[in-house]
Amino acid sequence: MSTTSDVKTYSNFINGEWVAAASGQTCENRNPADTRELIGIFQRSGAAEVNLAVEAAHAAFATWSKVPAPRRAEILMKAAALLEQRKEAFAHDMTREMGKVLKETRGDIQEAIDCGNFFAGEGRRMYGVTTPSELPNKFTMATRNPVGVVAMICPWNFPMAIPSWKIFPALVAGNTCVIKPAEYTPLSVYNFVSVLTEAGVPAGVVNIVTGHGSEVGSPLMAHPLVRAVSFTGSSEVGCIIGENCARSFKRCSLELGGKNPMIVLDDANLELALEGALWGAFGTTGQRCTATSRIILQKGIYKKFIDELVMRSKLLRLGNGLDPKVDVGPVVSKSQMETILGYIELGKGEGSRLVTGGNPFDRADYKHGFFIEPTVFGDVEPQMRVAQEEIFGPVVSCIPCDSLEDGIQIANNVKYGLSSSLYTKDVNRAFAAIRDLDAGITYINAPTIGAEVHLPFGGVKQTGNGHREGGVGALDFYTEWKAVYVDYSDKLQKAQIDRPE
Ligand code: UN1
């Protein structure tokens with residue numbers, strides 16, 4: 001096991017240099033599969049480091065924003081190629097600091113590679129608008145300008161993919177940024193930024209400040225030189241960030257919670273739906289905002305589906321994500337584990353039927369990690385808290401329904417609206433569900449997870465505030481529109497007033 005002496009200490013990355021926190025305090029990053037393993041020591045920073053980083057980003061903006069976008073894009077392309085080369089090593093680091101299994105951490109890095117390549121392409125597009133003027137001899141267009149310094153407050157469940165959703169579009173558009181990694185997964189952000197630097201991102205354009213939310217996130221979002229804040233995390237924290245940004249007129253993009261439904265109709269391919277349910281509910285140990293957390297089953301297949309799901313859930317192998325035989329890794333932390341176990345107790349108390357799982361997995365060789373058995377509740381009523389609140393762990397609630405219409409009504413009747421899914425062979429019902437499921441993402445015959453980077457990612461209601469990450473639409477957050485009027489008539493022309501008689 002590692003001891004503090006052979007473990008690396010990471011400083012903040014500010015203006016291209018390594019800067020220790022003035023407080024002299026640090027935070028430990030430990031493996032959630034075995035907390036005896038120390039991954040790294042990171043700075044416990046505060047407002048002083050935030051100020052330095054924002055000032056560096058502000059100064060770098062003056063030059064970076066003027067580099068032609070196709071040149072900026074070349075750096076992104078190089079970064080994506082370097083990520084490809086380092087994929088295996090970075091995936092190992094990510095599994096060690098976050099817990100999810102290797103095939104998923106490879107997928108996380110692949111998502112960052114895809115994102116880099118996609119937004120590199122935007123460097124030669126970033127389309128604006130040209131449109132006719134209402135006046136003769138006048139040219140009108142709208143162009144995209146970068147916003148300025150962007151604060152990025154990142155989650156731990158996709159430690160490289162989600163920072164890449166923020167950093168790549170921001171950079172190609174000419175912004176600079178200060179990133180606050182999640183406390184549990186700073187190493188993956190360091191790995192990512194090391195590649196950006198190697199690819200040629202100049203000093204000050206991307207800065208990292210590590211530490212706690214209240215000590216780093218709060219001064220960062222309040223800093224007057226920060227023009228935009230991008231946050232992924234809980235709806236509770238998102239609400240606080242949104243309020244603060246409103247007070248200082250900052251743009252704010254919030255990607256928040258989910259309680260994602262999978263509806264399975266009687267006519268569905270059950271084998272496919274079961275496979276999808278297992279992957280959607282227990283992939284990433286249920287720690288995705290897109291995780292399948294409610295399975296809404298039409299009554300004809302209800303019992304059979306649950307029986308099969310239970311059988312297959314029991315076969316999932318828990319353990320250290322570095323072991324290729326393992327299907328489900330640990331949850332990220334002790335406090336997360338306590339919250340999830342608290343929800344399991346709550347579910348039992350509310351009268352739903354615990355059909356499998358429900359316990360910490362604490363065999364002797366697992367006792368240093370945060371493992372919870374894949375857990376299925378049956379006979380859940382739509383209003384129960386386990387069917388309404390985001391649990392963010394390996395717990396899924398099965399709810400019976402009478403028909404597609406009934407299923408959609410149950411699906412929509414929560415405060416979130418991120419992802420949703422329907423299993424059916426009936427194309428008419430599929431299209432009705434695409435129209436009526438109140439969510440930012442709908443899958444047909446696939447589980448609620450698996451978004452691709454070139455499509456818009458985000459949700460409705462308390463899942464966000466109307467922005468989308470991924471896809472060209474992300475540029476709407478990272479650019480300000482400028483309307484431009486060029487009058488070549490050599491006379492004063494008055495819009496709306498000079499009209500033909
Ligand atoms: C998240 O759940 O926090 O669609 C992001 C997916 C992944 C991204 C998930 N591509 O499940």
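The structure presented is a predicted model; accordingly, all values stated were derived computationally and were not measured.

(A) Highlighting the site of the ligand. Surrounding the ligand, one finds Glu111, Asn157, Phe158, Ile162, Trp165, Arg288, Cys289, Thr290, Ile449, Gly450, Ala451 and Phe457. Here an oxygen atom of the ligand sits 2.9 Å away from a polar atom, N or O, in the side chain of threonine 290. The backbone of glycine 450 places a nitrogen or oxygen atom 3.0 Å from an oxygen atom of the ligand. For the ligand, whose free accessible area comes to 320 Å², the fraction covered by protein is 99%. When its residues are assigned to classes, the shell around the ligand shows seven nonpolar, three polar and two charged. Three or more residues apiece are contributed to the shell around the ligand by two domains, here domain 1 (46-256 + 464-483) and domain 2 (260-444).

(B) Just the pattern of salt bridges, in detail. What the rule picks out here adds up to 27 salt bridges. For lysine 303, the salt bridge is made with aspartate 307, and the minimal N-O distance between the two is 2.8 Å. With lysine 303 and aspartate 307 both in helix 9 (residues 299-315), this residue pair falls four residues apart, about one helical turn. Residue lysine 303 is classed as exposed on the basis of its relative accessible area, which comes to 57%. The exposure class of aspartate 307 is partly exposed, given its relative accessible area of 42%. Lysine 461 is the partner of aspartate 438 in a salt bridge, and the nearest nitrogen-oxygen pair spans 3.9 Å. Taken as a pair, aspartate 438 in the loop between helix 13 (427-436) and strand 20 (441-444) and lysine 461 in strand 21 (residues 460-461) lie far apart in primary sequence, 23 residues in all. Owing to a relative accessible area of 34%, lysine 461 belongs among the partly exposed residues under this scheme. Members of the salt-bridge network, linked through shared partners, are Glu37, Asp93 and Arg96.

(C) Up close: the layout of surface pockets. Here the largest pocket defines a volume of roughly 890 Å³. Looking at the largest pocket, it is lined by 36 residues, and the ones nearest its centre are Trp156, Phe231, Gly233, Ser234 and Val237. Mapped by element, the contributors of at least two residues to the lining of the largest pocket are helix 6 (213-222), strand 11 (226-232), helix 7 (235-247) and helix 10 (334-350). Considered class by class, the residues forming the lining of the largest pocket number 17 nonpolar, 13 polar and six charged. Taken domain by domain, the makeup of the lining of the largest pocket includes at least three residues from each of domain 1 (46-256 + 464-483) and domain 2 (260-444).

(D) Region of interest: the domain arrangement of the chain. Under the domain assignment used here, the chain contains domain 1 (46-256 + 464-483) and domain 2 (260-444). The straight-line distance from the C-alpha centre of domain 1 to that of domain 2 is 31 Å. Across the domain 1 to domain 2 interface the summed buried area is about 1,600 Å²; carbon plus sulfur atoms make up 63%. Of all residues in domain 1, Val101, Glu104 and Trp156 bury the most surface against domain 2, accounting for 29% of the area lost on that side.

(E) Main features of the packing of aromatic side chains. Summed over all chains, the structure comprises 13 aromatic pairs. With a centroid separation of 4.6 Å and 55° between ring planes, the pair formed by tryptophan 165 and phenylalanine 457 is classed as tilted. Here the residue tryptophan 165 occupies a position in helix 4 (residues 161-172), and phenylalanine 457 occupies one in the loop between strand 20 and strand 21, the gap between them amounting to 292 residues. For the pair tryptophan 165 and phenylalanine 457, one class covers both residues: buried. Taken together, Tyr10, Phe13, Trp18, Phe42 and Tyr190 form an aromatic cluster joined through their ring pairs. Lying over the aromatic face of phenylalanine 158, lysine 100 brings its terminal NZ or CZ to 3.6 Å of the ring centre.

Conventions adopted
- Residues numbered from 1 in each chain as written.
- Predicted model: local features only at pLDDT ≥ 70, side-chain atom pairs only at ≥ 80, totals over all residues.
- Heavy atoms only, no water.
- Near = heavy atom within 4 Å.
- Polar contact = N/O pair within 3.5 Å; in protein donor to acceptor, adjacent residues only side chain to side chain.
- Areas by Shrake-Rupley, 256 points an atom, 1.4 Å probe, with all protein chains shown as cover.
- Nonpolar A, V, L, I, M, F, W, Y, C, P; charged D, E, K, R; others polar.
- Domains from an automatic or database assignment.
- Salt bridge = Lys/Arg side-chain N within 4 Å of Asp/Glu carboxyl O.
- Helix = DSSP H or I, 4+ residues; strand = E, 2+ residues; numbered from the N terminus.
- Buried < 20%, exposed > 50% of the residue type's maximum accessible area, 1.4 Å probe, protein only.
- 1 Å grid on protein atoms, 1.4 Å probe; cavity = no way out; pocket = protein on both sides within 12 Å on 5 of 7 lines; lining within 4 Å.
- Points joined across faces, edges and corners; volume = space filled by probe spheres on them.
- Buried area = accessible area lost by both parts, 1.4 Å probe.
- Phe/Tyr/Trp six-rings, centres within 6.5 Å; stacked < 30°, edge-to-face > 60°.
- Lys NZ or Arg CZ within 6 Å of the ring centre and 35° of its normal.

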